[in-house]
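The chain contents come next:
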Amino acid sequence: MIRKSKYSPDTQTKISGLLAGMILALIILLSGCDSANLFEADIPPEELQAVDYTPLPGEDWDVSTPEEQGLDPLLVAELYHHAAELETLYSLLVVKDGNLVAEDYFNGGSVDKQTLVQSASKSYISALVGIALEQGCLSSIDQKLVDFFPELADQITDPRKKEITIREMLQMRAGYPDEETDQAYLEALYWGEYPELIVEFPLVSDPGTRFNYSNLTYSWLAIILHRACGTDLKSYAREQLFEPTDTRVGDWLQDRDGHYIGSGGIHVTARDAAKFGQLFLDGGEYNGEQIVPGEWVADSLQSYTENARNYGSSLAFRDLGYGYGWWTARAGDHDLSFAWGHGGQLIVLLDELEMVIVTTADPFFGQHDEDSWKHEKEAFYLVGEFIESLPGE
């Protein structure tokens, strides 16, 4: 049973409103989106030729042009023309063949702005699990969840919970619920005391049988990494992932017990998010050094659940699947993998085209209503329609 609320009546009312907003947003998301209308009008060629998306000076990326990398510059110009119309977009970057070919910032965004990338953080957590396996902190992704929380073992009454593996957690198939489906689950998520919820939250499916988008599952994975590797997660990530890829991580949100949150707490710049995407596009290598094991990258970008989220055409991506912290989908004729965070945080990998596309945007922290979802879907349409316009290789 979920604990009695520790919130005041006023706060409970706010949470009730937040949940109602989430449900309304989901209904809107499933029913379609008018965002596509933003991108239907023809743009005069002279306007497209005036669009400037030249990458800024800097030493962290090799810079090129769309023409030099085989991209139609007018298609890229159209992409950036539409991007400038979006009210909450912070950044848009396009990387082709390892070169930054287009970059611009909007609405207070900048090359140095570190944005909360929300649930795109899960893709970073997955990478850290792969590194921990390579280093021996973890022996196998078939290790059990309960093995890392021995203080809770005697309190667990559902025997299925004792069989949940790290593999199933990575795949969002552990059996725990999507927190947005129930006020008590949502309240517990926002309260921020996570380990005991392993006991308190009921399973809604047998482990390994069904996809449920559980934020808590990735926060528990973050705690597992902390306990298995013997250091706080931010320090471990800085040493093993961020510094080796010349990434400057910003704030990282923590729960009430001081654990770094695995479901969505990392702040990075758009350029550093693009480095992370390029790292996975390159099989885990950065500047000739293997940072994330190549086999782990391949396993992470597979889909273990078909139709993980049935949004129809409302995201301009279709056939959504889920790997280890990464989504899979199709847009036009192209297969893709992507990290996805609320508000419009996207790190999109197009392996066949050797391309990475990154957007950062207002993260709408704590806001899951019609307005936030409207803007999030605009980011999807922006990127999805650009991908649809690209020819195959």
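Report on the accompanying structure. (Residues numbered from 1 in each chain as written. Predicted model: local features only at pLDDT ≥ 70, side-chain atom pairs only at ≥ 80, totals over all residues. Heavy atoms only, no water.)

Here's the deal with the packing of helix α3 (residues 73–83) against helix α12 (residues 370–389)
Move 1: Axis separation between α3 and α12 bottoms out at 10 Å; the angle between their running directions is 165°. Of the possible angle classes, the one that applies to α3 and α12 is roughly antiparallel. Between α3 and α12 lies a crossing of right-handed hand. Along the contact surface, α3 presents L75, V76, L79, H82 and A83, while α12 presents L382, F386 and S389.
Move 2: Residue composition of the contact of α3 with α12, by class: six nonpolar, two polar and no charged. (Axes fitted to C-alpha atoms, helices over the stretch in contact; angles between N-to-C directions. Helix = DSSP H or I, 4+ residues; strand = E, 2+ residues; numbered from the N terminus. Parallel < 35°, antiparallel > 145°, perpendicular 65-115°, else oblique. Left-handed = near helix turned anticlockwise from the far one by under 90°. Contact = heavy atoms within 4.5 Å. Nonpolar A, V, L, I, M, F, W, Y, C, P; charged D, E, K, R; others polar.)

Structural notes on the layout of surface pockets
Move 1: What the second largest pocket holds in volume is close to 260 Å³.
Move 2: Forming the walls of the second largest pocket are E59, D60, W61, D62, G98, K275, Q278, L279, D282, E285, Y286 and N287.
Move 3: Tallying contributions element by element places helix α10 (residues 270–281) first for the lining of the second largest pocket, with three residues.
Move 4: Counted by class, the lining of the second largest pocket contains three nonpolar, three polar and six charged residues. (1 Å grid on protein atoms, 1.4 Å probe; cavity = no way out; pocket = protein on both sides within 12 Å on 5 of 7 lines; lining within 4 Å. Points joined across faces, edges and corners; volume = space filled by probe spheres on them.)

Observations regarding the pairing of strand β11 (residues 345–350)
Move 1: Counting buried positions along β11 yields six of six residues, so the element is predominantly enclosed.
Move 2: Where strand β10 (residues 334–341) meets β11, five bridges bridge the pair, whose relative direction is antiparallel. Its bridge partner lying in β11, W340 is registered against L346.
Move 3: Where β10 hands over to β11, the hairpin turn is made up of three residues, of which G343 adopts a positive phi near 100°.
Move 4: As judged from the five bridges shared by β11 and strand β12 (residues 355–361), these two strands associate in the antiparallel manner. The partner of L346 across the bridge, within β12, is T359.
Move 5: Between β11 and β12, which follow one another and run antiparallel, lie four residues, and E354 among them has a positive phi close to 50°. (Buried < 20%, exposed > 50% of the residue type's maximum accessible area, 1.4 Å probe, protein only. Pairing = 2+ DSSP bridges.)

Concerning the environment of P391
Move 1: In this fold, P391 is placed in the segment after α12.
Move 2: A C-alpha to C-alpha distance of 8.2 Å links P391 and D333, two positions 58 residues apart in sequence.
Move 3: Not counting residues up to four positions away in its chain, the partners in contact with P391 are H334 and L353.

Interpretation in functional terms is not warranted from these geometric data alone.
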